[in-house]
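Per-entry structural report
Letter by letter, the chains look like this.
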Amino acid sequence: SQQGEEDPQALSIQEGENATMNCSYKTSINNLQWYRQNSGRGLVHLILIRSNEREKHSGRLRVTLDTSKKSSSLLITASRAADTASYFCATIHNTNAGKSTFGDGTTLTVKP
Amino acid sequence: ETGVTQTPRHLVMGMTNKKSLKCEQHLGHNAMYWYKQSAKKPLELMFVYSLEERVENNSVPSRFSPECPNSSHLFLHLHTLQPEDSALYLCASSQEAGGSWTGELFFGEGSRLTVL
């Protein structure tokens, strides 16, 4: 299965702390993406990292990719209450054109 | 209008009803998708349309029937659904070029479907 698996399933932290979420997958990928979903809303694309990249930054987000371990991590620094949401990784590879396969997600709660 | 718009946002229907979900994208993208999101399950890809042709159909029951009349519009026709079909149905679009799928998806807000 290409499906990504995130851990932890749920994470609760205080505002200002860092939050780290992990994603593992089973087969080789073209790229990996992280999405955010507020409760009952659509998903919003956060960041894409290609298979030949190891680390990427966007604002308070830092994503790493280890293709040898088939894993990725999403770090949110200096978290805010507004970061409370579910976070999903999605993998894609060219042999399954157009098919992003999503993991179960990590539910992050940031307490003010 | 911005991004990807889905209507209706909420739908309650009986098992014998026929209804449709509508999706419209204003991003000039050439691929559109239907995903199903059930409680405690990962997003399930249902259908993919690229340049208005269906390129993916993930063994979805025939009671779900997609339609893509043009690159900006996507429908999901529903008939004789089951209670287990209750879920959040998400439409997404993307721009794919030269056979290279970056996979970056732009989602609508979803249509929350309840089947009684």
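Scroll up to find the structure this text is about.
Residues numbered from 1 in each chain as written. Chains lettered and ligands numbered in written order. Predicted model: local features only at pLDDT ≥ 70, side-chain atom pairs only at ≥ 80, totals over all residues. Heavy atoms only, no water.

What follows concerns the sheet that holds strand 1 (residues 4-7) of chain B. All names here are of chain B. The strand order across the open sheet built from four strands is 1-3-8-7, with neighbouring strands paired in antiparallel fashion. The open sheet has two edge strands, strand 1 and strand 7 (64-70), and neither has a second partner. Taking each pair of neighbouring strands and ignoring which way they run, the sheet shows an average axis angle of 15°. Sheet topology note: the strand 3 (residues 18-25)/strand 8 (residues 73-79) ladder contains seven bridges and is antiparallel. Its bridge partner being in strand 8, cysteine 23 is matched across the sheet by leucine 74. (Pairing = 2+ DSSP bridges. Helix = DSSP H or I, 4+ residues; strand = E, 2+ residues; numbered from the N terminus. Axes fitted to C-alpha atoms, helices over the stretch in contact; angles between N-to-C directions.)

A word on the state of the cysteines. Residue and element names in this part refer to chain B. Scanning all chains against the criterion turns up two disulfides over all chains. A sulfur-sulfur separation of 1.9 Å characterises the disulfide bridge that pairs cysteine 23 with cysteine 91. Torsion about the S-S bond of the cysteine 23 and cysteine 91 cystine: about -75°, corresponding to left-handed handedness. Separated by 68 residues along the polypeptide, cysteine 23 in strand 3 and cysteine 91 in strand 9 (residues 87-94) bring together distant segments of the chain. There is no disulfide at cysteine 68, and the cysteine sulfur nearest it, in cysteine 91, is 9.0 Å away. (Disulfide = S-S within 2.5 Å.)

Below, the discussion takes up the nonpolar core. Of all hydrophobic cores here, the largest spans 22 residues; its most connected members are Trp34, Phe64, Leu76 and Leu78 of chain B. Sorting the residues of this core by element identifies strand 2 (10-13), strand 3, strand 4 (31-37), strand 5 (44-50), strand 7, strand 8, strand 9 and strand 11 (111-115) of chain B as the ones contributing at least two each. Apart from residues lying up to four places away in sequence, leucine 76 of chain B is in contact with Lys19, Ser20, Leu21, Trp34, Met46, Phe47, Phe64, Ser65, Pro66 and Tyr89 of chain B. Among the nonpolar cores identified, the runner-up in size contains 21 residues, and Leu11, Met21, Leu65 and Leu108 of chain A belong to it. (Core = buried A, V, L, I, M, F, W, Y, C linked by side-chain atoms within 4.5 Å. Buried < 20%, exposed > 50% of the residue type's maximum accessible area, 1.4 Å probe, protein only. Contact = heavy atoms within 4.5 Å.)

Residue and element names in this part refer to chain A. Pairing is antiparallel in the open sheet, where five strands are placed in the order 1-3-8-7-6. Here the strands that pair on one side only, and so sit at the sheet edges, are strand 1 (5-7) and strand 6 (55-58). Across the sheet, the axes of successive neighbouring strands diverge by a mean angle of 15°, strand direction being ignored. Looking at chain direction, strand 6 and strand 7 (residues 61-66) are connected through four bridges and run antiparallel. The residue of strand 7 that forms the bridge with glutamate 55 is threonine 64.

Taken as a whole, the largest pocket holds about 500 Å³ of empty space. Lining the largest pocket are 19 residues; nearest its centre among them are Ser86 and Asp104 of chain A together with Gln37, Ala39 and Lys40 of chain B. A total of three residues in the lining of the largest pocket trace back to one element, the largest contributor, which is strand 9 (residues 85-92) of chain A. Here the lining of the largest pocket is composed, by residue class, of four nonpolar, eleven polar and four charged. (1 Å grid on protein atoms, 1.4 Å probe; cavity = no way out; pocket = protein on both sides within 12 Å on 5 of 7 lines; lining within 4 Å. Points joined across faces, edges and corners; volume = space filled by probe spheres on them. Nonpolar A, V, L, I, M, F, W, Y, C, P; charged D, E, K, R; others polar.)

All told, the structure shown has seven aromatic pairs over all chains when counted by the stated rule. With a centroid separation of 6.1 Å and an interplanar angle of 75°, the aromatic rings of phenylalanine 102 of chain A and phenylalanine 107 of chain B are classed as edge-to-face. Taken together, the residues span two chains, with phenylalanine 102 of chain A in strand 10 (residues 101-102) and phenylalanine 107 of chain B in strand 10 (residues 106-107). For the pair formed by phenylalanine 102 of chain A and phenylalanine 107 of chain B, the shared burial category is buried. Here phenylalanine 64 of chain B and tyrosine 89 of chain B contribute two aromatic rings whose centre-to-centre distance is 5.8 Å and whose plane-to-plane angle is 35°, an arrangement assigned as tilted. In this pair, phenylalanine 64 of chain B sits in strand 7 while tyrosine 89 of chain B sits in strand 9, placing the two residues 25 residues apart along the sequence. For tyrosine 89 of chain B, a relative accessible area of 0% puts it in the buried group. Taken together, Tyr35 and Phe102 of chain A together with Tyr33, Tyr35 and Phe107 of chain B form an aromatic cluster joined through their ring pairs. (Phe/Tyr/Trp six-rings, centres within 6.5 Å; stacked < 30°, edge-to-face > 60°.)

Taken together, the 21 residues of chain B in the interface contact 23 residues of chain A. Across the contact surface, chain B and chain A share one salt bridge. Applying the counting criterion to the chain B and chain A interface returns six residue pairs in polar contact (both at pLDDT 80 or more). Listing elements by their share of the side of chain B that touches chain A, those giving two or more residues are strand 4, strand 5 and strand 9 of chain B. Examining the composition of the side of chain B that touches chain A, we find that three residues originate from one element, strand 4 of chain B, more than from any other. (Salt bridge = Lys/Arg side-chain N within 4 Å of Asp/Glu carboxyl O. Polar contact = N/O pair within 3.5 Å; in protein donor to acceptor, adjacent residues only side chain to side chain.)

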